[in-house]
Every structure is written in structure tokens, then in C-alpha cells.
Amino acid sequence: MAVLPIIKLGHPSLHKRAEEIEEITPELHELVANMVDTMRLADGIGLAAPQVNVLKRLFVIDLNVLDEELDAKAYLNPRILEDEGSIKMEEGCLSIPDVNADVIRPEALKVAYMTLEGEEIEEEMTDTLARVFQHELDHLDGILYIDKITPLQLKLIEPELERIRRESSII
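From a predicted model like this one, the values you see are computed outputs, not experimental measurements. (Residues numbered from 1 in each chain as written. Predicted model: local features only at pLDDT ≥ 70, side-chain atom pairs only at ≥ 80, totals over all residues. Heavy atoms only, no water.)

Asker: Can you walk me through the sheet that holds strand β2 (residues 58-61) in this structure?
Answerer: Two strands in a sheet stick together by hydrogen bonds in their backbones, pointing the same way (parallel) or opposite ways (antiparallel). Taken in spatial order, the five strands make up an open sheet running β1-β2-β3-β6-β7, and their pairing is antiparallel. Strands with a single pairing partner mark the edges of an open sheet, and in this sheet they are β1 (46-48) and β7 (120-126). Here the average twist between neighbouring strands, direction ignored, is 40°. In this sheet, β2 lies alongside β1 in antiparallel orientation, the contact comprising three bridges. Bridge pairing links Ala 48 to Phe 59 in β2. Its contacts with the sheet place helix α1 (residues 26-41) against β1, β2 and β3 (73-84), and it is angled at close to 45° to β2. The strands that helix α2 (residues 127-140) touches are β1, β2, β3, β6 (108-114) and β7; relative to β3, the one it contacts most, it runs at about 105°. (Pairing = 2+ DSSP bridges. Helix = DSSP H or I, 4+ residues; strand = E, 2+ residues; numbered from the N terminus. Axes fitted to C-alpha atoms, helices over the stretch in contact; angles between N-to-C directions. Contact = heavy atoms within 4.5 Å.)

See the structure below:
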């Protein structure tokens with residue numbers, strides 16, 4: 001498989017809404033495999049297609065670092081059906097390297113998505129899986145976790161964000 005370049009803060013694709021997946025193709029299977037390789041090489045637990053400059057409603061999550069029995073999984077055309085509770089946790093992002101901030105999100109979810117085999121799934125999620133699902137789903141809508149933090153948090157990390165923007169515009 002191939003490792004894909006991860007676009008960084010400042011790239012316009014990170015703020016665009018991704019398009020629904022209409023058809024599962026061999027190219028889509030290849031994209032998912034490449035995204036998993038890319039995510040693992042970058043030591044991530046989630047990666048959305050827009051982060052590799054593909055504006056499709058798709059992300060992968062790999063919680064293997066938390067539970068060895070779990071394997072990477074692709075989520076196509078994902079959506080949240082219900083949410084419950086609220087919890088603040090620190091988040092980071094492969095497109096905003098080395099910068100973390102606390103984000104408030106729902107604690108539990110009922111979600112729907114399609115698998116790479118074309119199966120429609122409804123699932124309840126909590127804990128880290130719910131958090132990562134929401135973070136990656138935001139990417140599909142052109143939203144970054146830094147768009148959800150307080151103005152004070154944003155001000156504190158702005159020098160680092162500006163550095164990332166500068167570095168990514170050079171490449």
C-alpha cells in the first residue's frame with residue numbers, strides 16, 4: 001500500500017464539506033487501505049479522507065493501540081442519529097501536529113454508517129470511539145477541533161497554529 005500526504009492547517013480542503021459516497025469501487029478499497037497505512041505511520045487513531053485531500057465522506061479509525069483485539073475500520077457516509085451527555089477531553093489532529101486542546105463533545109452516540117462491503121450499520125458508541133468518530137465526522141463537514149474550542153484556548157495556541165500554517169504553505 002501507499003502512504004498518502006496528510007494536508008495541514010491552512011489547506012483549503014480542510015474547510016470544505018465532503019461529498020457522499022455513491023458507489024463502492026476497487027479504488028475506494030485502495031484509498032481505505034492507503035489511509036490506514038498513512039494513519040498508522042503517523043501514529044494516529046483516526047484519519048478522514050479530506051485530510052489526504054480527498055473530499056469524500058469517509059474516515060478510518062484504528063483503536064488497536066487501546067485494545068489489541070480491535071482492527072482498523074472504515075466508516076462511509078457516517079452520521080450521528082442521537083447523542084447524549086457532555087464531556088471535555090483533550091484532542092489533537094494529524095493535520096494540526098503537536099497541538100492539543102480541550103474540546104467538549106457528547107459522551108455517547110448512536111450512529112449510522114456504511115461498511116466497505118455496502119452494509120448499513122447502526123451502532124452505539126461511548127468513550128474514545130465516540131470521541132474519535134465525532135472528530136473525524138467534523139472533518140467531513142469542514143470543521144476542525146480548533147473551531148470548537150474557547151477563544152482563550154485559541155489565543156493560547158495561536159502562535160503554534162500560525163507556525164503550522166506558515167510551514168504548510170511553503171510545501
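Here the narrative resumes, following the displayed structure.
Asker: It is not clear to me how unusual backbone geometry should be interpreted in this structure. Could you clarify?
Answerer: Negative phi values dominate among residues other than glycine, just as trans dominates among peptide bonds. We note that Asn 53 has phi near 65°; this positive angle belongs to a residue other than glycine. Residue position: Asn 53 is located in the loop between β1 and β2. On the accessibility criterion, Asn 53 (39% relative accessible area) is partly exposed. We note that Asp 127 has phi near 55°; this positive angle belongs to a residue other than glycine. With respect to the helices and strands, Asp 127 occurs in helix α2. Taking relative accessible area as the criterion, Asp 127 reaches 59% and is therefore assigned exposed. (Buried < 20%, exposed > 50% of the residue type's maximum accessible area, 1.4 Å probe, protein only.)

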